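Chains, contacts and geometry: an overview
Take a look at the letters that make up each chain.
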Amino acid sequence: MELIVDLHTHSHFSRATSKEATIEGLYKWGKIKGIDVIGTGDFTHPGWFAEIRDKLEPAEPGLFSLKAELAKEIDTQLPTKISSRQIRFILTVEISNIYSKNDKIRKLHHLIIAPSFAAVSQINSKLDRIGNLKSDGRPILGLDSKELLKIVLDSDKDNFFIPAHIWTPWFSLFGSKSGFNSIREAFEELSSEIKAIETGLSSDPYMNWRVKELENITIISNSDAHSPQKLGREATLLNCQLNYLDIINGMKTNDKRIVGTIEFFPQEGKYHYDGHKNCSVCFAPLETKKHQGICPVCHKPLTIGVDYRVDELSYLPPGYIPKKHKKVEYIIPLIEIIAEIKNVGTSSNKVQSVYDNLIATFGSEFEILRGLSLDKLTKLGYQDIAFGLEKMRHSEVLIEPGYDGVFGKIKIFDKNKRQEISGQKSLF
Amino acid sequence: MIIMEYLTALNSQQKKIMKNGSGVVVIKAGPGTGKTKTLTSRITYLLIEKNIQPENILTLTFTKRAATEMKDRLKKILKDTKIGLPTISTFHSFAYDLLQQFGPVLKIISEHQQKEIIKKITGHNVPVRKFYLLLTQYKNGLKTDLNQETRGLVEQYNLELQKNNLVDFDDLIVKLFKILNDDLTFLEQLQNRYHYILVDEFQDTNDLQYQILKLIIGNQNNFFIIGDPNQSIYGFRGANPKIFNQIKKDFPESKEIFLTTNYRSRKQIVNLSNKIFNINLQSSLDSDGEAKLIKTLNEYSEAGWINRFINNKIGGSDLIAANESEKSISFSDFAIIFRTHRQAKYLAQKLDESGLPYQMVGQWSIYQESKIEFICLILRYFNDSTEDNFQEIVDSSFIQRNGRLMIEELKQKIDSIPLQPTISFSTLVENIQQIFFSKEVEKDPNFKYFKGSILQFTKYADGLKKFCDYWEKLKNSDYFDFLGDKITLLTMHSAKGLEFKYVFIAGFEEGLIPYKNKKQGELDEELRLFYVALTRAKAGLYLLEAETRNRNKTTPSSFKKIILGDNLIEEQDEALEKILKKKAKIKLKKSQMSMF
């Protein structure tokens, strides 16, 4: 069966997260978004781990479901189109490793996935002596990534370890600020245990394909959601059985079980291009090179973005596409499409009510974004949404790349062409 | 060859000492001047160049940590030779070894046993620590004016020890002193054996120990003393920096040599700490480093400042704070030093809030938990199956508490633990666990923590040895985990002998530094304690002075005037303005509310 999987999330026990990031919140929004398997996140946090154990029960091997009485309560509040969807949880956590190696400070984030509460307990008791697990759902450890990998592998053979959002400058495996230049440099003799990487919001498979070292490595995508509304910003598509091992083994082998990924336009990420937020300088890699990496305003080194960094580490030209590759689907969150049409913010009531109506009428957000027939939409008076989806599905969008912490902008409507659309009669 | 490298990698002062260390030589060595190195090269020189037999050399230290470190260094140096190690031991274990030759086998009371006995005889009326201090001061001749009641308690305590054939650490020294005075043949034997006596950390010697040293030296006069009078901080145990003057009187021919190059700290820090005792150490390092006095609001903002500083140095631990970091830095590069443990609360709380990993030194450690200690003792017995090590298992608080197992039974149980060399170290621990404990122990958080912490010792064969070394080191250093990459929180007393890239001294205010109600003599010791704290810093030193603490207005430290000047940058906590604004706002709101 086709599964949409989002492994990387956070609970309310992580810093800078929404209060709604509860198990129930993840469950509810999983249904609205149309995700089949959701990572619990934060399993090293004693409070969250207790909550997980309290509210979840084992379902298929290695997967968990929300206890029936809790599920029922939420289901009754949801539109019938989505209320009967099946949600499964999988045990995950993100760890922040901060340490020095080869005379440089390293800050890497990693995603760990475990098959059982017992495996989680094992990992937790080992990490407890190294760091401070109780104060952040995404704990900071003064531990070499390789040592963390070792602990994960030693704790249970079915545990899985994935370097997270590998291109963000400050906190990742290949990050320009405090990452490494290769998997080998970071993991040495254990490099072969790195079988998958996470693209993060600021990279897509096209960018990753250019790097030789990633040739045989599975590319996966997750939302890294800090609030449940952000679930499924990115996700991985699988065609496999609904159980832990089939999902994980798919990711370990990159075989046909992996269908592909659902992606953010990477330009929307906060670190796509190079630049300085405070100086309003945003450069494409070529311009950065022209300026020798120095900001023309403050004369300090620019924050190098992902695009530049990919170029630095890759041996294949931009735009390279391997002969055999997995599917890549770009999406724009539905709420943003509506907001753009309405020309108001995403949190406005107008936008919210259209969103709710769409979900109630057509089903989950992924169903709408990915598969819904545009005719159907147009027939029910949503021709501007249909127009937007068509543009999105064909990647015919206007792009303003993000840089130095500033989100990029992806627009469907050209200002000049806007008239053309809004001139048409709209029913909503 | 290692030896030659070792002997040549010395500065001119150190070289001079190495070669001209005969006679009575007193080396005053400031912090970071390479004390252990100088001492080790002197021993190497005696062994290699002077062909002195190892058995003619006696080296005494004050901590097990120092003795172990020196042995390790010498082992490495002498690796390719056939020369054995000379006697290197702590004062107490030296005394213990000598006393073994007289009468019944002595058993040293464990910390746990001592506590139990003190509790028993004082009926919980006196704090254990207080009584212990009194006891040791009395035994070392520091306190003579005990009232009748206390004297009675001390006698009871001694009787209790005698009954169980036990001695405490102070008894070892007292007994040795007595024997050396009474048994002249024995004394002569010692005098004839040890031609060279070297003493490390001489400032920690108390009078009784010094008398013993003088007796053993006799007329030999090869007495090599190294230490720093300015770092004498164990007055409560009878150590006194005046001992350096005493030796001048007792040995008028003695030479005094200074080690003045500090290899640890950068210029500003060395220059600043020089002011404390008006001395003139020089930093060997090129860079300036920095020493700052930060004025802040209270204990919370103090913790906040330290927290921000660390976050800045590591370049932020989350995206909100991400910035350029220093090139190579780890959590273990930071230490927060305070005068009393009570100050630790807010400092730790703040680190908890930001999720940074830290360890508190000198606090209770899981390794002191009776079950865990028991496992460690068995592991050590496997590593080194001596009778002594077995005896310690028998004496352990776990066995004592849980109804005495018959020794035979205990031995049988230990023998039944599977020990194939192919099993992993953690399996070995599990095997021990299965034989002695119920399954319930798995749920104990301390036990879980312990099992997590031993994972670093994977392979059975060298894992066991490595673990035993690690455990030994932990025990000898107040359970400071040198393998953990964490921020260290510790008191000034436990900071001695350690060094960190960045040091924060919290609570630089009168009443804490110096500690309240100290008399003149004690005040001198407070100053030395302060000096020890300052000189732990390698690159950055930050003194924090709060306006209020525990809601009370503070007075600046009386030590402040000593260090003010060019080497100390005074700064306001940059967050102060913000905090004050916020406070004013809240106050305004409150007053507005009360108008209605």
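The shown structure was predicted, so the numbers you read here are calculated from the model rather than taken from an experiment.

Parameters at a glance
Along every chain, residues carry numbers that run from 1 in the direction the sequence is written. Each chain is given a letter, starting from A, and each ligand a number, starting from 1, according to the order in which they appear as written. This being a predicted model, a pLDDT of at least 70 is required before a residue's local features are given, and a value of 80 or more before pairs of side-chain atoms are given or counted; all residues contribute to the totals for chains, interfaces and linings. pLDDT gives the predictor's per-residue confidence on a scale running from 0 to 100. Note on definitions: a nonpolar core is a set of buried residues drawn from Ala, Val, Leu, Ile, Met, Phe, Trp, Tyr and Cys, linked by C-beta atoms within 7 Å. Exposed residues have 12 or fewer other C-beta atoms within 10 Å of their own C-beta, buried residues have 20 or more, and residues in between are partly exposed; the C-beta atoms are placed from the backbone. Segment limits for the domains were obtained from an automatic or database-derived domain assignment. Contact criterion: two residues are in contact if their C-beta atoms, reconstructed from the backbone, are within 7 Å. Labels follow the DSSP assignment, with helices taken as runs of H or I lasting at least four residues and strands as runs of E lasting at least two, numbered in each case from the N terminus. Ten residue types, Ala, Val, Leu, Ile, Met, Phe, Trp, Tyr, Cys and Pro, are classed as nonpolar, four, Asp, Glu, Lys and Arg, as charged, and the remainder, Gly among them, as polar.

Quick look at the confidence of the model for chain B now. This prediction gives chain B a mean pLDDT of 87; 94% of its residues lie at or above 70. In the predicted complex, the global pTM is 0.81; the interface-specific ipTM is 0.77.

The next subject is the nonpolar core. Ile336(B), Ile337(B) and Leu544(B) are the most contacted members of the largest nonpolar core, which has 199 residues in total. Each of two domains, domain 1 (2-267) and domain 2 (333-422) of chain A, supplies a minimum of three residues to this core. Aside from chain neighbours lying at most four places away, what touches Leu544(B) is Ile294(B), Thr296(B), Glu302(B), Trp305(B), Phe504(B), Ile505(B), Ala506(B), Gly507(B) and Phe508(B). Counting residues in hydrophobic clusters, the runner-up holds 46 residues, among them Ala29(B), Leu47(B), Ile77(B) and Val167(B).

Turning next to the interface of chain A and chain B. Contacts between chain A and chain B engage 27 residues on the former and 30 residues on the latter. For the side of chain A that touches chain B, the secondary structure elements donating two or more residues are strand E5 (88-101), strand E6 (104-114), helix H5 (117-128), strand E7 (140-141) and helix H6 (145-155) of chain A. In terms of residue count, E5(A) provides more of the side of chain A that touches chain B than any other element does, four residues in total.

Most peptide bonds take the trans form, and the phi angle of most residues other than glycine is negative. That bond from Ile513(B) to Pro514(B) is cis: its omega, -5°, falls within 30 degrees of zero. For Pro514(B), the position within the fold is in the loop between strand E15 (500-505) and helix H24 (520-534). Unlike most non-glycine residues, Asn254(A) shows phi in positive territory, near 60°. As for its placement among the helices and strands, Asn254(A) is situated in the loop between helix H9 (244-253) and strand E12 (258-263).

A word on the domain arrangement of chain A. All names here are of chain A. Parsing chain A into structural domains produces domain 1 (2-267) and domain 2 (333-422). With centres defined by C-alpha atoms, the gap from domain 1 to domain 2 works out at 28 Å. Where the side of domain 1 that touches domain 2 is concerned, the elements lending two or more residues are helix H1 (23-33) and helix H4 (80-83). At three residues, H1 tops the list of elements feeding residues into the side of domain 1 that touches domain 2. Its residues assigned to classes, the side of domain 1 that touches domain 2 comprises five nonpolar, three polar and five charged.

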